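Understanding the architecture of this molecule
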Amino acid sequence: MTQIYLDHNATTPIRAEVLEEMLPFLRGKFGNPSSIHWAGRAVSSAVETAREKVAALINASPSEIVFTSCGSEADNLAIKGTASALRDKGQHIITTAVEHPAVLESCRSLEAQGWRVSYLPVDTEGQLDLAQLESLVGDDTVLISVMWANNETGNLFPIAKIGEIARKHGVMFHTDMIQAVGRVQLDVKAVNLDLAAISGHKFGAPKGVGALYIRSETQLEPLIHGGHQERNRRGGTSNVAGIVGLGKACEFAASEFEQATDRVRSLRDQLEDGLFATIDNIQLNGCVDRAKRLPNTLNLSFAGISGESLLLNLDLKGIAASSGSACGSGTLEASPVITAMGVDLAMAQASVRFSLGRENTPDEVEYVLSILPAIVERLRSISTL
Ligand SMILES: *Cc1c(COP(=O)(O)O)cnc(C)c1O
């Protein structure tokens, strides 16, 4: 059966070269990287090489990289770790209404402990008002957390400008850059970042490994207390194979950057242009200006049908995409990211996200374009919405 995977913002396949690099550490090279003997040394040098590769991708120093068990842990460590370290300085955080749950729920857990959190709204294209952001900064503000790229719409936020605002007011700045890795040029120093979260499985490394960039002067309390691993910033024996895979994937993200992003952008544009040319009454969710979106992401609402039913019909044809909406307990829930943009409930429920990746081909996009209009037409003809 045809299998076309257009859900790379959910997860990506492990690259063959990444897996090859990892395998020795799942076989003979079993040592604990904290051990001083030969078995440990063979492994600790691989972990440190991986740390250098992650650091090089984002223009950090290796000592500023802490490995975590996933991107969610990195976001939690950034937000809760800063909050614990700076609670005497102030208890206010600024974030956005459209963050990933790893950030939003970390903020909500702090709210339950008495912190004040401002959730910056977005406009109809999903963009932020930076004057409004700056007006929210008060004497008690200790952290601004704004994602580099949105996982649902692909929207890119003006991280450099937000970094200037944070620096000007002496506030720490964290970004969830998980969707940006491999798709956007990243330089944490140039944009004044103090903290930045990465997840391996979103760019060709395995699930269950992530990293947090922690600028050298940054104060942070660990979340996971234990041994002295990761310079006392994250206890627990390292996931050596996963870390080695993450390092290898970062090497590719750096070396193949331009070629890979040009290629995926042309496929996304082919899909976007093709769908707008053949289907009426569809609406783009996100920035109309494609340069302000990730090169691989397209989020559309198909008026008159539910995104869920479209996804099921695409799946029957072997096409994997996704929607922010999920059917829980019989009611169709709309994506909070799409509704935050002021999209009405029916159109939010009609949204579908296509997120492309390195293994997709023009023929695959053609196949999608050849079947999608008929599916939409049929669903609209039987729709009760
Ligand atoms: C996937 C994702 C996460 C979570 O990363 P995990 O490694 O799956 O925990 C956080 N933020 C964004 C923007 C993501 O896309």
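Residues numbered from 1 in each chain as written. Predicted model: local features only at pLDDT ≥ 70, side-chain atom pairs only at ≥ 80, totals over all residues. Heavy atoms only, no water.

1. Overview of the environment of Ile159
What counts here: Elements are defined by DSSP. Helices are runs of H or I of four residues or more, strands are runs of E of two residues or more, and each kind is numbered from the N terminus. Throughout, exposure labels follow a simple rule: accessible area from a 1.4 Å probe, protein chains only, divided by the maximum for the residue type, with under 20% read as buried, over 50% as exposed, and the rest as partly exposed. Whether two residues are in contact is decided by their heavy atoms: any pair within 4.5 Å suffices.
Relative to the helices and strands, Ile159 is located in helix H6 (residues 159–168). For Ile159, a relative accessible area of 2% translates into the label buried. Placed 13 residues apart in sequence, Ile159 and Val146 show a C-alpha to C-alpha distance of 7.8 Å. The residues touching Ile159, leaving out its near neighbours within four places in the chain, are Val146, Met147, Trp148, Phe173, Thr175, Val191 and Leu193.

2. With respect to H6
For the record, the criterion: By construction, the arc corresponds to the directions joining the helix axis to the C-beta atoms.
Of the residues making up H6, those classed as buried are Ile159, Ile162, Gly163, Ile165 and Ala166. Axial view of H6: buried residues confined to an arc of 160°, hence all on one face. Along H6, the residues that are exposed and aim more than 90 degrees away from the buried face are Lys161, Glu164 and Lys168. Looking at the buried residues of H6, the elements they touch are helix H5 (130–136), strand S5 (141–145) and strand S6 (172–176). A positive phi of about 65° marks Gly170, the residue just after H6.

3. Looking at a negative patch on the surface
Worth spelling out the cut-off: For patch detection, residues must exceed 30% relative accessible area and be free of salt bridges, and they are connected within 9 Å for like charges or within 5 Å for nonpolar side chains (Val, Leu, Ile, Met, Phe, Trp, Tyr). Residue burial considers only the protein chains on display, and all accessible areas are found by Shrake-Rupley using a 1.4 Å probe. Here, a salt bridge means any side-chain nitrogen of Lys or Arg that lies within 4 Å of a carboxyl oxygen of Asp or Glu. Residues scored as positive are Lys and Arg, those scored as negative are Asp and Glu, and His as well as the terminal groups of each chain are ignored. Here the site of a charge means atom NZ of a Lys, CZ of an Arg, CG of an Asp or CD of a Glu.
A surface patch of like charges, here negative, comprises Asp123, Glu125, Asp129 and Asp289. When you line up the elements, Asp129 lands in the loop between strand S4 (116–120) and H5.

4. Re the sheet that holds S5
For clarity, the cut-off: Strands qualify as paired when DSSP identifies two bridges or more between them. Angular values range over 0 to 180 degrees, each being the angle between N-to-C directions of two axes fitted as lines to C-alpha atoms, with helices fitted over their stretch in contact.
Read across the sheet, 7 strands follow the order S2-S8-S7-S6-S5-S3-S4 without closing on themselves; strand pairing throughout is mixed. Two strands close off the open sheet at either side, each with one partner strand: strand S2 (65–68) and S4. Sheet twist, expressed as the average angle between the axes of neighbouring strands with direction ignored, equals 20°. Relative to S5, strand S3 (residues 92–96) runs parallel, the two sharing 3 bridges. Pairing of Ile93 across the sheet is with Leu143, part of S5. H6 contacts S5 and S6 of the sheet and is inclined by roughly 155° relative to S6.

5. A short note on the site of the ligand
Going by this rule: Only a single heavy atom is needed: when it lies within 4 Å of a molecule or strand, its residue is near that molecule or strand. What qualifies as a polar contact is a pair of N or O atoms within 3.5 Å, subject to a donor-acceptor requirement within protein and to the restriction that residues adjacent in sequence count only when both atoms come from side chains. Polarity classes work like this: nonpolar for Ala, Val, Leu, Ile, Met, Phe, Trp, Tyr, Cys and Pro, charged for Asp, Glu, Lys and Arg, and polar for all others, with Gly in that last group.
Around the ligand, the structure places 13 residues, and the nearest of them are Ser72, Asp176, Gln179, Ser199 and Lys202. The side chain of Ser72 places a nitrogen or oxygen atom 2.7 Å from an oxygen atom of the ligand. Between Lys202 and the ligand, the recorded distance is 2.7 Å, taken from a side-chain N or O atom to an oxygen atom. Isolated, the ligand exposes 380 Å² of accessible area, and the fraction of that covered by the protein chains is 90%. The element that contributes the greatest number of residues to the shell around the ligand is helix H3 (residues 71–86), accounting for 3 residues. Looking at the shell around the ligand residue by residue, the class counts come to 3 nonpolar, 7 polar and 3 charged.

6. Here's the deal with the domain arrangement of the protein chain
Keep this limit in mind: As used throughout, domain bounds are those supplied by an automatic or database domain assignment. Buried area: the accessible surface (1.4 Å probe) lost by two parts on joining, summed over both.
Examined at the domain level, the protein chain breaks down into domain 1 (4–12 + 256–382) and domain 2 (16–255). Contact residues are listed per partner, giving 27 residues for domain 1 and 31 residues for domain 2. Summing the contributions of domain 1 and of domain 2, the shared interface buries around 2,400 Å²; its carbon and sulfur component is 50%. Among the residues of domain 1 in contact with domain 2, Glu256, Phe257 and Leu294 are the three that bury the most area, contributing 27% of the side total. Summed over the shared surface of domain 1 and domain 2, the result is 0 salt bridges. For the interface between domain 1 and domain 2, the tally reads 18 residue pairs in polar contact (both at pLDDT 80 or more). Those elements giving two or more residues to the side of domain 1 that touches domain 2 turn out to be helix H9 (257–278), strand S10 (297–302) and helix H11 (336–340). By residue number, the principal contributor to the side of domain 1 that touches domain 2 is H11, which donates 3 residues. For the side of domain 1 that touches domain 2, the residue count by class is 11 nonpolar, 12 polar and 4 charged.

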